[in-house]
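Spelled out from the first residue to the last, the chains are:
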Amino acid sequence: MARRDPRHSPATPRDDAGRASTWLVLLLVLTLAAGAAAWRLDLADPARERLESLRERVLGGEEEPDPSTDPAAVPLPEGLSLPPLTDPAEVADALDPATAGELSPTAVRRALQQRLGDDRLGRRVSVAVAGASGAPAYETGAALVPASTTKLLTSVAALETIEPGTTFRTTTVLRGDRLVVVGGGDPFLMRAPDEPGTASVPARADITTLARLSAAELREQGVRRVRVGYDDRLFSGPAFNPRWPDTYVGDVVAPITALWVDQGRPETGYGRVADPAAVAAQVFADALADEGVRVQGAPAAVRGRGEEVAAVESAPVDDVVDRLLQVSDNEATEVLLRHVGLATGGAGSFVDGVRGVETVLERLGVPAPRRLYDGSGLSRENLIAPATLVGLLQAVLGAEADDPVRAVLGGLPVAGFSGSLTFRFDDAPTAAVGSVRAKTGTLSGVSSLAGTAVSRDGVPMVFALMLDRVGEVDEAYAQAALDSAAAALAACRCARGGSAAAGR
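For every chain, the first residue of the written sequence is number 1, and numbering continues from 1 along that sequence. Two thresholds apply to this predicted model, a pLDDT of at least 70 for residue-level local features and 80 or more for giving and counting side-chain atom pairs, whereas whole-chain, interface and lining totals are computed over all residues. With hydrogens and water stripped out, all remaining heavy atoms of the structure feed into the side-chain values.

Q: Would you mind going over the overall build of the chain with me for this structure?
A: Secondary structure elements are taken from DSSP: a helix is a run of H or I of four residues or more, a strand is a run of E of two residues or more, and numbering for both begins at the N terminus. Of regular secondary structure, the chain possesses twelve helices and twelve strands. The buried label goes to any residue with under 20% of its type's maximum accessible area, the exposed label to any with over 50%, and the partly exposed label to all in between, with areas taken from a 1.4 Å probe on protein chains only. In the chain, buried positions account for 52% of the 504 residues. When contacts within the chain are restricted to residue pairs at least 6 apart in sequence, those whose partners lie at least 24 apart make up 72%. With residues, only the protein chains shown are counted as cover, and all accessible areas are computed by Shrake-Rupley using a 1.4 Å probe. When the accessible surface of the chain is split by element, carbon and sulfur atoms take 49% of a total near 21,600 Å². It only takes one pair of heavy atoms within 4.5 Å for two residues to be counted as in contact.

Q: Help me understand the pattern of salt bridges, please; the structure alone is not making it clear to me.
A: Should the charged atoms of two oppositely charged side chains come close, the side chains can pair. By definition here, a salt bridge exists when the distance from a side-chain nitrogen of Lys or Arg to a carboxyl oxygen of Asp or Glu is within 4 Å. Following the criterion strictly, the structure yields 15 salt bridges and no others. Here Asp-231 and Arg-233 are joined by a salt bridge, their closest N and O atoms 3.0 Å apart. Residue classification places Arg-233 among the partly exposed positions, given a relative accessible area of 42%. Each of Arg-124, Asp-468 and Arg-469 takes part in one network of salt bridges that share partners.

Q: Whenever I open this one, the packing of helix H4 (residues 150-161) against helix H10 (residues 386-398) confuses me. Can you help?
A: As a rule, the C-alpha atoms of each element are fitted with a line to give its axis, helices using only the stretch in contact, and angles between N-to-C directions run from 0 to 180 degrees. The geometry of H4 relative to H10 is characterised by a closest axis approach of 10 Å and an angle of 35 degrees between their N-to-C directions. Here H4 and H10 pass one another in a crossing that is left-handed. Contacts between H4 and H10 involve Leu-152, Leu-153 and Val-156 from the first element and Leu-389, Leu-392 and Val-396 from the second. The residue inventory of the contact of H4 with H10, partitioned by class, reads six nonpolar, no polar and no charged. Note on convention: near helix rotated counterclockwise from far helix by under a right angle means a left-handed crossing. Clockwise means right-handed. In the scheme used here, Gly and all other residues not listed as nonpolar or charged are polar, with Ala, Val, Leu, Ile, Met, Phe, Trp, Tyr, Cys and Pro taken as nonpolar and Asp, Glu, Lys and Arg as charged.

Q: What is the right way to read the pairing of strand E4 (residues 169-175) from this model?
A: Successive side chains on a regular strand alternate, one facing one side of the sheet and the next facing the other. Most of E4 is tucked away: five of the seven residues are buried. Any two strands with at least two DSSP-identified bridges between them are counted as paired. As defined by bridge partners, E4 adjoins strand E9 (residues 307-313) across six bridges and the pair is classed as antiparallel. Bridging from a neighbouring strand, Leu-174 pairs with Glu-307 of E9. Pairing between E4 and strand E5 (residues 178-182): five bridges, direction antiparallel.

Q: Even after reading the chapter, I still don't get the environment of Glu-307, so can you show me in this structure?
A: Considering the arrangement of structural elements, one finds Glu-307 in strand E9. Through-space distance from the C-alpha of Glu-307 to that of Gly-176 is 9.6 Å; in sequence the pair is 131 residues apart. Other than its neighbours up to four places away in sequence, Glu-307 contacts Thr-172, Val-173, Leu-174 and Gln-221.

Q: Help me out: how do you make sense of the nonpolar core in this one?
A: A general feature of soluble globular proteins is that nonpolar side chains tend to end up buried together. What is meant by a nonpolar core is a set of buried Ala, Val, Leu, Ile, Met, Phe, Trp, Tyr and Cys residues, joined one to another through side-chain atoms within 4.5 Å. Counting 63 residues, the largest nonpolar core has Leu-152, Leu-153, Trp-244, Leu-336, Val-357 and Leu-389 as its most contacted members. When residues no more than four places from it in sequence are discounted, the contact partners of Leu-152 are Leu-325, Leu-389, Leu-392, Val-408, Leu-412, Lys-439 and Ala-450. Residues Leu-449, Val-459, Val-470 and Cys-494 belong to the second largest nonpolar core, which totals 36 residues.

Q: How should the state of the cysteines be read in this particular structure?
A: Disulfides are covalent bonds that link the sulfur atoms of two cysteine residues. The disulfide definition used here is simple: a pair of cysteine sulfur atoms within 2.5 Å. Taken as a whole and assessed by the stated rule, the structure comprises one disulfide. Paired by a disulfide, Cys-492 and Cys-494 hold their sulfur atoms 1.8 Å apart. Because the sign of the S-S torsion sets the handedness, a value of about 110 degrees for the bond joining Cys-492 and Cys-494 places this disulfide among the right-handed ones. Judged by its relative accessible area of 0%, Cys-492 falls in the buried class. Assessed through its relative accessible area of 0%, Cys-494 is described here as buried.

Q: Looking at this structure, how should I read the packing of aromatic side chains?
A: Given two aromatic rings, one states the distance between the centres and the angle between the planes to describe the pair. Stacked, edge-to-face and tilted labels apply to pairs of Phe, Tyr and Trp rings (six-membered ring for Trp) whose centres lie within 6.5 Å, assigned for plane angles under 30 degrees, over 60, and everything in between, in that order. Overall, the coordinates contain two aromatic pairs when judged by the stated rule. Aromatic pair Phe-240 and Trp-244: ring centres 5.2 Å apart, planes at 85 degrees, arrangement edge-to-face. Ring centres 5.5 Å apart and planes at 75 degrees place the aromatic pair Trp-244 and Phe-350 in the edge-to-face group. In this pair, Trp-244 is assigned in the loop between strand E6 (225-231) and helix H6 (276-290) and Phe-350 in helix H9 (residues 350-364), connecting sequence segments 106 residues apart. Accessibility assignment for this pair places Trp-244 and Phe-350 in one class, buried. Among the aromatic residues, those joined into a ring-pair cluster are Phe-240, Trp-244 and Phe-350. Against the face of Phe-188 rests Arg-204, its NZ or CZ located 4.3 Å from the ring centre. The ring of Phe-350 has Arg-338 lying over it, and the distance from NZ or CZ to the ring centre is 4.1 Å. Put simply, a charge is over a ring when the Lys NZ or the Arg CZ is close to the ring centre, within 6 Å, and near the line of the ring normal, within 35 degrees.

Q: Looking at this structure, how should I read the sheet that holds strand E10 (residues 437-443)?
A: Sheet strands pair via backbone hydrogen bonds, and the direction of the pair is either parallel or antiparallel. Pairing in this open sheet of five strands is antiparallel, and the strands run E3-E2-E12-E11-E10 from one edge to the other. The strands lining the two open edges of the sheet, one partner per strand, are strand E3 (138-140) and E10. Geometrically, the sheet is characterised by an average inter-axis angle of 10 degrees between neighbouring strands, direction not taken into account. Here helix H3 (residues 105-116) sits on the sheet and contacts strand E2 (125-131), E3 and strand E12 (460-467); the angle it forms with E2, its principal contact strand, is near 155 degrees.

Q: Looking at this model, I keep getting lost on the side chain of Lys-151. Mind explaining?
A: Secondary-structure assignment places Lys-151 in helix H4. The convention is simple: Lys and Arg are positive, Asp and Glu are negative, and His and the chain ends are not counted. No salt bridge forms around the buried Lys-151; measuring N to O, its nearest opposite-charge neighbour Glu-334 is 7.1 Å away. A 3.5 Å cut-off defines polar contacts: any pair of N or O atoms within that distance qualifies, except that in protein one atom must be a possible hydrogen donor and the other a possible acceptor, and neighbouring residues in sequence count only when both atoms are side-chain atoms. Of note is the side chain of Lys-151, whose polar atom sits 3.3 Å from the side chain of Ser-328. Not counting chain neighbours up to four residues away, the residues in contact with Lys-151 comprise Leu-324, Leu-325, Ser-328, Asp-329, Asn-330, Thr-333, Gly-375, Ser-376 and Lys-439.

Q: Which parts of the structure should I look at to understand helix H8 (residues 330-343)?
A: Because each turn of an α-helix spans 3.6 residues, side chains separated by three or four positions in sequence point in the same direction. Compared with the 20 Å implied by 1.5 Å per residue over 14 residues, the 20 Å span of H8 between its first and last C-alpha is a close match. All of the buried residues in H8 are Asn-330, Glu-331, Ala-332, Thr-333, Glu-334, Val-335, Leu-336, Leu-337, Arg-338, His-339, Val-340 and Gly-341. Where H8 is buried, its residues touch H4, helix H7 (317-327) and H9. By this rule the span expected of a helix is its residue count minus one, scaled by 1.5 Å.

Q: Would you mind going over the packing of H4 against H7 with me for this structure?
A: Pairs of packed helices are described in terms of their axes, by the angle between the two and the distance that separates them. Running from N to C, H4 and H7 cross one another at 175 degrees; their axes reach a closest spacing of 10 Å. For the element pair H4 / H7, the angle class is roughly antiparallel. Each of Lys-151, Leu-152, Ser-155 and Leu-159 in H4 lies in contact with H7, whose residues at this interface are Asp-318, Val-321, Leu-324 and Leu-325. Within the contact of H4 with H7, the residues separate by chemical class into five nonpolar, one polar and two charged. Put simply, angles under 35 degrees are roughly parallel, angles over 145 are roughly antiparallel, angles from 65 to 115 are roughly perpendicular, and the rest are oblique.

Q: Just to check I follow, could you spell out the environment of Arg-191 for this structure?
A: Residue placement: Arg-191 occurs in the loop between E5 and helix H5 (207-220). Classification of Arg-191 as buried rests on a relative accessible area of 12%. Separated by 14 residues in sequence, Arg-191 and Ala-205 have C-alpha atoms that sit 8.8 Å apart. Not counting chain neighbours up to four residues away, the residues in contact with Arg-191 comprise Asp-206, Ile-207, Thr-208, Val-261, Asp-262, Arg-265, Pro-266, Glu-267 and Val-283.

And the structure:
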């Protein structure tokens, strides 16, 4: 009987509010209370969970806070008071095109023009802004290098083609006297379990636990010595995308394989290992020996057929998508692209994955990318029009509430609060913080931002802002300009027939 790790279960983000500084807590309460137009989606939202927890402790009176450990219990500075917390309005009705109102093209253009008209942004600026459905209210520019906003396409394709709740299993099988580790394409498989008192988000399987479970089963079968093999052939084609610069080898991204630990990173130091599957197999062999099983010889690449001995499983696919969007994880996205290729009838190569993404976009009625070569956006040869990103986000918004694809909305980083936007939007209007949710994209000379916002007068919108000819000295300015433009949309009175766009 195969052994499986009983400790694995999907994790929820840890509540870090108790460790935040007093001023951070105060800032969150003030900005979230002021941002009543923030979208309240029917999804697990760490920002809302923290706010609710804080509300219960501060206003509920059910618990006597300890000033030494609870920042909410520290007295407010003299003259400062907090407004009562109120729930933002539900936006389900606002997403209905019949009740959401329409965007004014003039107001949208005015909101953006002073933020995106500077010569320091380069010669190529492309923009599309639309309501929850319908044609863009404002659109300009051509298809540009998208950088990591490409991950939106891969994420939607994965949620559309892979069965909800699917996990990716790493197994061991016994083939004669050889115990073979079979890679199942787990993007987050770790070298060892989390340290006591810590928990990865999402919950992650590890190869040391797989060795422990395998050793226990081998002992029950009376097996005391084995040779170790490994099988990483779930994916096909080159492990390193030929459309990526050669300078990425060993540094920026690991070879994409179905078996690795710590995403192909070495145990110490920086960079990426040359053969992630072989390294993972050696980590397994060492852990197996630590469990008292005698390992003969070095691990070898073999076909993994035989009786299953043990297994560990990844977090569900929607949790994987949430994480890769939050932190813009290149390796995890490229693994998911291979799974999309498998799920759409291919052999699990980069080419199969891209073909699967394009098939999903066609089915959703989203304009096809002009050129697409990977899932993460690392290739500078990708070309995507902002209308493709906007159409994709509209398709997600238009999906049924229980459609797995809506997990993309929960995975989008929140302006000034989570993921890759945690330390951005620091100079934004209050209305933008917590209201804008967007995927970032950054390469040398390239900056993009694609996501959602709600105008000051309550109109939901999706947007894509793209630059790909930014000078090196102006890259920080360009990023800030995109943040300012997205914030201007959230601060704008953009409803058709409304007043002019609001300023900073």
